[in-house]
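# Residue-level structure breakdown
Spelled out, the chains give:
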Amino acid sequence: MADRMSLKERLKPRRAAALSLGLGWTSAPAGLAALAQELPAERRPSASAWMASAGGSAADAGGVLHAALPGTGTAAGASTEAAPHGLPGATHPGSGPSHGSGSGFGKPQIEHANPLARTLLAKLDYDQLTNCMRCGFCLPACPTFRETGIEPESPRGRIALMKAVADGLMDPDESFRAQMNHCLGCRACEPACPADVKYGQLIEQARDALEDHSDHNVPVKGVRAALFRGVFPKRGSLRALGGALALYQKSGLRRVARGAGIMKLFPAPIREMEEILPDASSRGVIERIGTYLPAQGESLGRVALFRGCIMDVLFAGTNVNTAELLAQAGYDVVIPREQACCGALHAHSGELDQARGLARRNLEAFRDGGIEWIVSNAGGCGAQLVEYGHLLQDDPDYAELAQAFAVRVVDVSRLLVASGRLPLEGALQAAGEAAAAAWSNSACGGGCSSALGTDPAAAGETGPPVRVTYQDSCHLRNGMKGSSEPRQLIRQTGGVEFVEMRESDRCCGSAGIYNVLQPEMAGQLLEHKMEHAGATGASYLLTSNPGCLLQMKLGVHKHGDPATMKVMHVVDFLHERVAAGKS
């Protein structure tokens, strides 16, 4: 509680600044009026224009900064009908194929003096900015708003800031940059939005513009260049990284580094992650099982496994288990060797051009016409892959291919449910402590989990059902709309009692590398999450994304008991159960 209060205390100046800009709950019109007075006369919005935009109400705080300059807002009679959820192509005139509904009136014709403002206006999807109806449905869905209660910490507030810059009502400064970077990018606001605003695309466009005008110091520039250009896109570099980490973990260097206090030189988030990092390996899924795994029994189709970058270094065993479960479910599995990183971390970090380059490489790698589905086992990767159609919509050489690729991306859980051929109902309660340890070190390369629970059935015994809970991957749930299938598979598994965790749909604070860049907010969210996880009394905490898995392991390490709660990828849990049922 003390940490939470201290964070709120530190946010008070930001709240005061927000109120002065008209983003608070009551002072919005006065704040905007003050802003408008600072504009040249020819660019000031009329009182009637911005009051009409705000619905004539001072209470609609988030909507006030949506007041556009004359001729650039939503015109009278323009349609604001929400696009039906789940119906692609339900767009309004002027919007692109993957933009959702849009006003179609184009961007304001403003010559910004501020270079960053010019870039933001050029890169932001103005139709999406004007789609926001300022209803506030996104506020209770937003983790940062729930933690702070501050309007600019909400999607509505951030969209208001973006549009204010685009419309020339304010210049972007460090506070603007901080607000854009403080967003988790969990996209929980998108399912809550009746207007189908693609907020995830907007925040990535804003960060891309910010990165064009960044002023990083030399160490930060070096780290970004090394990771985004030298490691993630290159399979050889990833294998070298895996080999180096494995040497560090197994040779005694880790023990020396900890004993000598070397780890104390690193920031706390890095030290914490180092403690719970799974065993790395230079041998990915292809090095372990090859590029093809035939279906068991009659084939239901040919699918391609997306192996990821970090996933294939720290969780290669999960990739192997994914391929084996798909084969058992009746799918022929191919693993294209030339595939690259999905580009999610690049897109989230303001490197959209690099993300587009990686998308093109993957489109080439998965061109095989015989592939019916492209399978992801990581929510973050999958959510990025389904965005390829939007990401490359302006690329004449790849736009059509990207659209065709995106509609074939599916999470592994959906195919396993559709098959119905996994022997889950007869699975035993698998993995006693010794059996689980042996499995974790061999089949999973030490990369599935280090926390061991009690599971008597693996030793041939029977007992009460093991209690299991599940934490949603935000991007699987909000980006790929995949929340029911993992739960369905868990419930179908024999010897399992599934317990729904309170607020399992809320972000855990991982959000790619957010937990490293914004440790206070991430830690706050994780503390809440572990309170809810502990209340379930579960022996297993499952999830569907590597970042979430590491964050949950950190949570158990800091706030729980690793001896009584084991954190696993849902694929590894299912694989373990099916294997135990056969033995």
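Up top you'll find the structure we're talking about.
## Things to note about the overall build of the chain
When its secondary structure is counted, the chain shows 31 helices and 9 strands. Within the chain, the fraction of its 583 residues that count as buried is 56%. Sequence-distant contacts in the chain: of pairs separated by 6 or more residues, those separated by 24 or more amount to 78%. Here the chain has roughly 23200 Å² of accessible surface; of this, 56% comes from carbon and sulfur atoms.

## Notes on the nonpolar core
Leu326, Tyr388, Leu416 and Leu542 are the most contacted members of the largest nonpolar core, which totals 93 residues. Contact partners of Leu326, with chain neighbours within four places excluded, come to Val303, Tyr331, Val333, Val375, Val412, Leu415 and Leu416. By size, the runner-up hydrophobic cluster in this structure holds 33 residues, among which are Ala117, Leu120, Ile203 and Leu210.

## Notes on the packing of helix α15 (residues 268–276) against helix α30 (residues 546–559)
Their axes nearest at 10 Å, the elements α15 and α30 cross at an angle of 95 degrees. The pairing of α15 with α30 is recorded here as roughly perpendicular in orientation. Residues Glu272, Met273, Glu275 and Ile276 of α15 form the contact with α30, whose own contacting residues are Leu550, Gln551, Lys553, Leu554, His557 and Lys558. The residue inventory of the contact of α15 with α30, partitioned by class, reads 4 nonpolar, 2 polar and 4 charged.

## What about the packing of helix α8 (residues 155–166) against helix α11 (residues 199–212)?
Running from N to C, α8 and α11 point in directions that differ by 45 degrees, and their axes come no closer than 11 Å. Between α8 and α11, the crossing angle belongs to the class labelled oblique. Helix-helix and strand crossings are classified by hand; for α8 and α11 the assignment is left-handed. Where α8 abuts α11, its residues Pro155, Arg158, Ile159 and Met162 lie against Tyr199, Leu202, Ile203 and Ala206. For the contact of α8 with α11, a count of residues per class yields 7 nonpolar, no polar and 1 charged.

## A closer look at the sheet that holds strand β9 (residues 566–569)
Ordered by their spatial adjacency, 4 strands build an open sheet running β7-β6-β8-β9, and the pairing between neighbours is parallel. Here the strands that pair on one side only, and so sit at the sheet edges, are β7 (496–498) and β9. The average angle at which neighbouring strand axes cross in this sheet is 35 degrees, direction not considered. Of the pairings in the sheet, the one linking strand β8 (residues 540–543) to β9 comprises 4 bridges and is parallel in character.

## A few points about the sheet that holds strand β5 (residues 409–411)
Read across the open sheet, the 5 strands follow the order β1-β3-β2-β4-β5; overall the sheet is mixed. Lying at the two open borders of the sheet, with one neighbouring strand each, are β1 (292–293) and β5. Bridging between β1 and strand β3 (residues 331–334) involves 2 bridges; their strand directions are antiparallel. Across the sheet, Leu293 pairs through a bridge with Val333, a residue of β3. Taken strand by strand, helix α18 (residues 316–328) contacts β1, β2 (301–305), β3 and β4 (373–376), and its axis lies near 150 degrees from that of β3.

## Overview of empty space enclosed by the protein
Applying the stated rule across the entire model yields 5 cavities of 30 Å³ or more. For the largest cavity, the calculated volume is near 160 Å³. Cys132, Cys138, Ile159, Cys193 and Val197 are the residues nearest the centre of the largest cavity, which is lined by 18 residues in total. Among the residues making up the lining of the largest cavity, the classes are represented as 14 nonpolar, 1 polar and 3 charged.

## A short note on the pattern of salt bridges
Considering all chains together, one arrives at 26 salt bridges under this definition. For the salt bridge of Asp196 with Lys198, the shortest nitrogen-to-oxygen distance reads 3.2 Å. A residue is classified by how much of its surface remains accessible, and Asp196, at 13% relative accessible area, is buried. We note a salt bridge from Arg356 to Asp353, for which the minimum N-O separation is 2.9 Å. Residue Arg356 and its partner Asp353 are located together in helix α20 (residues 352–365), separated by 3 residues, close to a single helical turn. In this structure Arg356 comes out as partly exposed when scored by relative accessible area, which is 23%. Each of the salt bridges in this network shares a partner with another, and the network as a whole consists of Asp472, Arg477, Arg487 and Glu500.

What counts and how
Residues numbered from 1 in each chain as written. Predicted model: local features only at pLDDT ≥ 70, side-chain atom pairs only at ≥ 80, totals over all residues. Heavy atoms only, no water. Helix = DSSP H or I, 4+ residues; strand = E, 2+ residues; numbered from the N terminus. Buried < 20%, exposed > 50% of the residue type's maximum accessible area, 1.4 Å probe, protein only. Contact = heavy atoms within 4.5 Å. Areas by Shrake-Rupley, 256 points an atom, 1.4 Å probe, with all protein chains shown as cover. Core = buried A, V, L, I, M, F, W, Y, C linked by side-chain atoms within 4.5 Å. Axes fitted to C-alpha atoms, helices over the stretch in contact; angles between N-to-C directions. Parallel < 35°, antiparallel > 145°, perpendicular 65-115°, else oblique. Nonpolar A, V, L, I, M, F, W, Y, C, P; charged D, E, K, R; others polar. Left-handed = near helix turned anticlockwise from the far one by under 90°. Pairing = 2+ DSSP bridges. 1 Å grid on protein atoms, 1.4 Å probe; cavity = no way out; pocket = protein on both sides within 12 Å on 5 of 7 lines; lining within 4 Å. Points joined across faces, edges and corners; volume = space filled by probe spheres on them. Salt bridge = Lys/Arg side-chain N within 4 Å of Asp/Glu carboxyl O.

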